[in-house]
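Here are the chains, one letter per residue:
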Amino acid sequence: MNEGFRYHQLSSWNKLEKHPNASQGNDKRDSNLFEGGFKIRLDYQCIPEQHITDVISRRYTAKEIRAFEDFSLKELGTYLKWSVGRRFNENTKRFYPSAGANYPNHIFLFIKHHASIDNGLYWYDSEDHSIVNLSGNVNYEDALLQEGIAANLCAVIASDFSLSYENYGERGYRFCLLEAGHMAQNMMLISNAIGWKSAPIGGFKDEVINQLFGNEFKALYLIPIGK
Ligand SMILES: Cc1cc2nc3c(=O)[nH]c(=O)nc-3n(C[C@H](O)[C@H](O)[C@H](O)COP(=O)(O)O)c2cc1C
């Protein structure tokens, strides 16, 4: 039996119950990683009206992505708000589903060569719709295993597996992967809807990215974005 299948069996549930150590759900866990860096508040706007079937038909994975000459903070805010932002009517919830509303997955962004944003690695704080600078590191390219990507904006979906484990035991890992799929689909739909190209990259060198997070978060997807 291969290890993936073994994991699948070991993480099966006979009945729907939380892990014995489960917290009460919807807990926000702060990381030291998020503290101290400067914060940039984002704005957003409505995306020009489009039929949902057109938006879905236009979603695709770009295999060649060039850097933006520039993108505005409003565009970045619009992209993040409508894909992975918070709901208006229930501010603790977001525009994608999460088991138990625990939200173990986070969005990080590599940004470089931008007119008004310093080069660096940022974390998206959905609570106040801002990005927080974590470091000046902008090198995601060493993690890539493919040619054709020259983006100056690259999102990372990364998980706090331990938060999910505390709530759901071994099954928590599955939930992180499932949640990442929901997030990535929203991100692709919105990027294509606003005329940006992107690609959900699952094949990359984990450690190049994970060491930037002090191994606290584990990268699942790299999503370079550009023209
Ligand atoms: C889990 C997963 C991992 C993927 N990893 C990569 C990748 O490493 N590199 C890449 O260029 N595309 C990657 N893709 C995108 C697929 O190549 C793409 O979805 C597929 O070719 C279908 O094309 P479409 O997205 O344009 O419909 C991945 C997609 C998924 C769902």
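Reading guide: rules and limits
Residues numbered from 1 in each chain as written. Predicted model: local features only at pLDDT ≥ 70, side-chain atom pairs only at ≥ 80, totals over all residues. Helix = DSSP H or I, 4+ residues; strand = E, 2+ residues; numbered from the N terminus. Buried ≥ 20, exposed ≤ 12 C-beta atoms within 10 Å, placed from the backbone. Pairing = 2+ DSSP bridges.

If you check an unreviewed UniProt entry, the protein chain appears there as SagB-type dehydrogenase domain-containing protein from Oceanobacillus limi.

Participant: Please explain unusual backbone geometry as it appears in this structure.
Facilitator: Excluding glycine, a negative phi dihedral is what most residues carry, and trans is how most peptide bonds are arranged. At Tyr103, a residue that is not glycine, the phi angle is positive and equals roughly 50 degrees. Relative to the assigned elements, Tyr103 resides in the loop between α3 (73-84) and β2 (105-111). In this structure, His113 is a non-glycine residue whose phi angle is positive, near 50 degrees. Counting through the fold element by element, His113 comes out in the loop between β2 and β3 (120-125). Residue classification places His113 among the partly exposed positions, given that 13 C-beta atoms sit within 10 Å.

Participant: Please clarify how the pairing of β3 should be interpreted in this entry.
Facilitator: Each regular strand carries side chains that alternate between the two faces of the sheet. Among the six residues that make up β3, five are buried, leaving the element largely enclosed by the rest of the structure. When β2 meets β3, the two strands line up antiparallel, connected through four bridges. Bridging across to β3, Ile111 finds its partner in Gly120. Where β3 and strand β4 (residues 130-135) come together, five bridges link them in antiparallel fashion. Its bridge partner lying in β4, Leu121 is registered against Ser135.

Participant: I would appreciate a short explanation of the pairing of strand β7 (residues 218-226) in the present structure.
Facilitator: Most of β7 sits out of view: eight of its nine residues are buried. As paired elements, strand β5 (residues 153-159) and β7 share seven bridges and run antiparallel to each other. Looking at the pairing, Ala158 lines up with Ala219 of β7. Summarising the sheet, strand β6 (residues 197-198) and β7 pair through two bridges and their orientation is antiparallel. If you follow Ser198 over to β7, its bridge partner there is Ile225.

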